[in-house]
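# Architecture at a glance
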Amino acid sequence: MTVHPIVIYGEPVLHRPADPVTEFDDALRTLVADMHETLDASNGVGLAAPQIGVGLRIFVYHAEDDAGVRRRGTFVNPRLVASRVPDGRPDPGEDTEGCLSVPSLVYPLKRADRVTVTGVDEAGEPVSLSAEGWFARVMQHEFDHLQGTLYVDRLDKRWAKKWKKEQAAAGYGEPGMSWMPGVDPDPFGH
């Protein structure tokens, strides 16, 4: 297995919809294994293929659900159905989100409280899960990557303004930037 560099906001693959997976072969199984290895090295909770520069509809996750159960899995060609996003402003203490492709920056964002994700795994076998709360946030975040959307693209006006300032200061937005999990300092201090 290989740890891959994680590309940063501005890399074109992050900003376009990913292509469906059509071949369930050894190359796909290797890619998924590499994604799990990269996620472990990054100390993150989810990783989508576009984040390692691969424009395919795949994401992996390693995260605790709201019951405290550690969950690990893979979705290939997922579909997501979400409850309605609650009204109101995001709570900076409860609704904060970060992204491995937007290193070291976190912002509050409202998300749906419940989701169901269906798809297949790397062997083409059906997989499905329902999630609530924080774990539902993880699923929505990773699914968004496959649509070409990063969480900072969804920020409300107040937080979007702050993001634009911090984006400019960090130099995010140009192609060619990445960081290497396990080699470069952890951008979130884990």
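An account of the accompanying structure is given in this report. (Residues numbered from 1 in each chain as written. Predicted model: local features only at pLDDT ≥ 70, side-chain atom pairs only at ≥ 80, totals over all residues. Heavy atoms only, no water.)

### With respect to the sheet that holds strand β8 (residues 126-132)
Here is the rule: Each pair of strands is called paired provided DSSP finds at least two bridges between the two strands. Strands here are runs of E lasting at least two residues and helices are runs of H or I lasting at least four, both read from the DSSP assignment and numbered beginning at the N terminus. Axis lines are fitted through C-alpha atoms, for helices just across the contact stretch, and the angle between N-to-C directions can take any value from 0 to 180 degrees.
Pairing within the open sheet is antiparallel, and its five strands lie in the order β2-β3-β4-β7-β8. Across the chains shown, the open sheet's two edge strands, defined by having one partner strand only, are β2 (46-48) and β8. The sheet shows a mean angle of 40 degrees between the axes of neighbouring strands, taken without regard to direction. Where strand β4 (residues 70-82) lies against strand β7 (residues 114-120), five bridges are found, and the strand directions are antiparallel. Each residue of the ladder has a partner; that of A82, found in β7, is V115.

### Re helix α1 (residues 26-42)
Test applied: One less than the residue count of a helix, multiplied by 1.5 Å, gives the span that helix is expected to have. With a 1.4 Å probe rolled over the protein chains alone, any residue whose accessible area is under 20% of its type maximum counts as buried; one over 50% counts as exposed, and the rest are partly exposed. We call two residues contacting when some pair of their heavy atoms lies within 4.5 Å. Any pair of N or O atoms that falls within 3.5 Å is considered a polar contact. Within protein, one atom must be able to donate a hydrogen and the other to accept it, and sequence-neighbouring residues count only if both atoms are side-chain atoms.
Taking 1.5 Å as the rise per residue, α1 with 17 residues should run 24 Å; its terminal C-alpha atoms sit 24 Å apart, in good agreement. Restricting attention to buried positions, one finds in α1 the residues L28, L31, V32, D34, M35, H36, T38, L39 and S42. Contact partners of the buried residues in α1: β1 (6-7), β2, β3 (58-64), β4 and β9 (178-179). Its side-chain oxygen placed 3.3 Å from the backbone nitrogen of A27, D25 serves as the N-cap of α1. One or two steps after α1, the chain reaches N43, where phi turns positive at roughly 65 degrees.

### Re the layout of surface pockets
Worth spelling out the cut-off: Cavities and pockets were defined on a 1 Å grid built over protein atoms only: a cavity is a set of grid points that admits a 1.4 Å probe from which the probe cannot escape, a pocket is an open set flanked by protein on both sides within 12 Å along at least five of seven lines, and lining residues are those with an atom within 4 Å of any such point. Grid points are joined across faces, edges and corners, and a volume is the space filled by probe spheres set on the points. Put simply, Ala, Val, Leu, Ile, Met, Phe, Trp, Tyr, Cys and Pro go in the nonpolar bin, Asp, Glu, Lys and Arg in the charged bin, and everything else, Gly too, in the polar bin.
Computed from the structure, the largest pocket encloses a volume of approximately 380 Å³. Contributing to the lining of the largest pocket are 18 residues, with G44, V45, G98, C99 and W134 lying nearest its centre. For the lining of the largest pocket, the element with the most residues is helix α2 (residues 133-147), which contributes five residues. In this model, the second largest pocket occupies a volume close to 230 Å³. Lining the second largest pocket are 17 residues, with V85, K110, R111, Q140 and R154 sitting closest to its centre. For the lining of the second largest pocket, the elements supplying multiple residues, two or more each, are β4 and α2. Of all the elements, α2 adds the most residues to the lining of the second largest pocket, at four residues. Its residues placed into classes, the lining of the second largest pocket shows nine nonpolar, three polar and five charged.

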